[in-house]
Amino acid sequence: MTFKIPKKLKELEKFLFSDAVSENSMLLCELDGFMAGIAVCPALIMPSEWIPVIWAGEEPVFDNEEQAQNIMSILMSYYNDTLHALDRGKYRPIYDRDNDGSPFWEIWLEGFFRAIHLRADDWLSFADNDNRDLQRSVFILTRLREIVRADDEFKAMDLDGGLEEAAADLIPESVMQLHNYRKQSALPSNSNDNHPNSKTEGPKTGRNDPCPCGSGKKFKKCCLQ
């Protein structure tokens, strides 16, 4: 099934193709991976830090203030929509298509890892975790990245072919796993069953307080459910 790009994202895609941005700016599929990486990062990354990365450090030349505000609004909506899709378990990446119509997931993955590089130390908390499902997801994404960037010293594994063939489906599954684990880790603990090494319980989150997962929603409308 072909993913239908929302109208506002088509507007953003057109802008990313225009002369208003540098030739090194992200295209939509790379930006989609980047947004997913920002959304599931173990640490909160503010827009003032990640938006300049989209433009490769060169400010776009907007026609006017209205256009600038519109593009920034689309970017923030894009981020929030990505979080919302992840929360509902309905996240679907935007891939380019190869000449034969197959999903070209490599560019998406490039954007995802550009987000990882913004908080490389924090991502180690995923890589070093003992959760097997989490380890599997980290391995899949990392191995696919290694396959894409293979050089003369690259050592192939028997499972590489299968990973590449299933990559388009494995990527969203892995991203969802990272997101779900991040959300669970952000929830306040009411017992030591979930956190055996915890000695004291932190302050509880009220129903109307901002959700600790960082979604921007009230706790009762987000993780409390």
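Colleague: Account for the overall build of the protein, naming residues and giving values.
Modeller: What the protein contains, in helices and strands, is 8 helices and 2 strands. Going from the N terminus to the C terminus, the protein shows its helices and strands as α-α-α-α-β-β-α-α-α-α. Considering the protein as a whole, with its 225 residues, one finds that 38% of them fall into the buried category. Taking contacts inside the protein between residues at least 6 apart in sequence as the whole, the part at least 24 apart equals 67%. Looking at the protein as shown, the accessible area adds up to about 13500 Å², and 47% of this sits on carbon and sulfur atoms.

Colleague: Outline the nonpolar core, listing residues and values.
Modeller: Grouped together as the largest cluster of nonpolar side chains are 58 residues, with contacts concentrated most on Leu12, Leu31 and Phe112. Those elements giving two or more residues to this core turn out to be α1 (7–17), α2 (28–40), α3 (47–54), α4 (65–87), α5 (106–118), α6 (120–127), α7 (132–148) and α8 (160–186). Those residues in contact with Phe112, other than ones at most four positions away along the chain, are Gly33, Phe34, Ala36, Gly37, Val40, Trp123, Leu141, Val175 and Leu178.

Colleague: Which residues make up the environment of Tyr95, and what values do they have?
Modeller: In this fold, Tyr95 is placed in the loop between α4 and β1 (96–97). The buried category is assigned to Tyr95, whose relative accessible area is 14%. Each C-alpha atom, one on Tyr95 and one on Leu109, is 9.6 Å from the other, the two residues being 14 residues apart in sequence. If sequence neighbours within four positions are ignored, Tyr95 has contacts with Cys29, Pro103, Phe104, Trp105, Trp108, Ala167, Ala168, Ile171 and Pro172. At 3.0 Å, the side chain of Tyr95 and the backbone oxygen of Ala168 are in polar contact.

Parameters at a glance
- Residues numbered from 1 in each chain as written.
- Predicted model: local features only at pLDDT ≥ 70, side-chain atom pairs only at ≥ 80, totals over all residues.
- Heavy atoms only, no water.
- Helix = DSSP H or I, 4+ residues; strand = E, 2+ residues; numbered from the N terminus.
- Buried < 20%, exposed > 50% of the residue type's maximum accessible area, 1.4 Å probe, protein only.
- Contact = heavy atoms within 4.5 Å.
- Areas by Shrake-Rupley, 256 points an atom, 1.4 Å probe, with all protein chains shown as cover.
- Core = buried A, V, L, I, M, F, W, Y, C linked by side-chain atoms within 4.5 Å.
- Polar contact = N/O pair within 3.5 Å; in protein donor to acceptor, adjacent residues only side chain to side chain.

Note that all results are geometric; they support no functional claim without further evidence.
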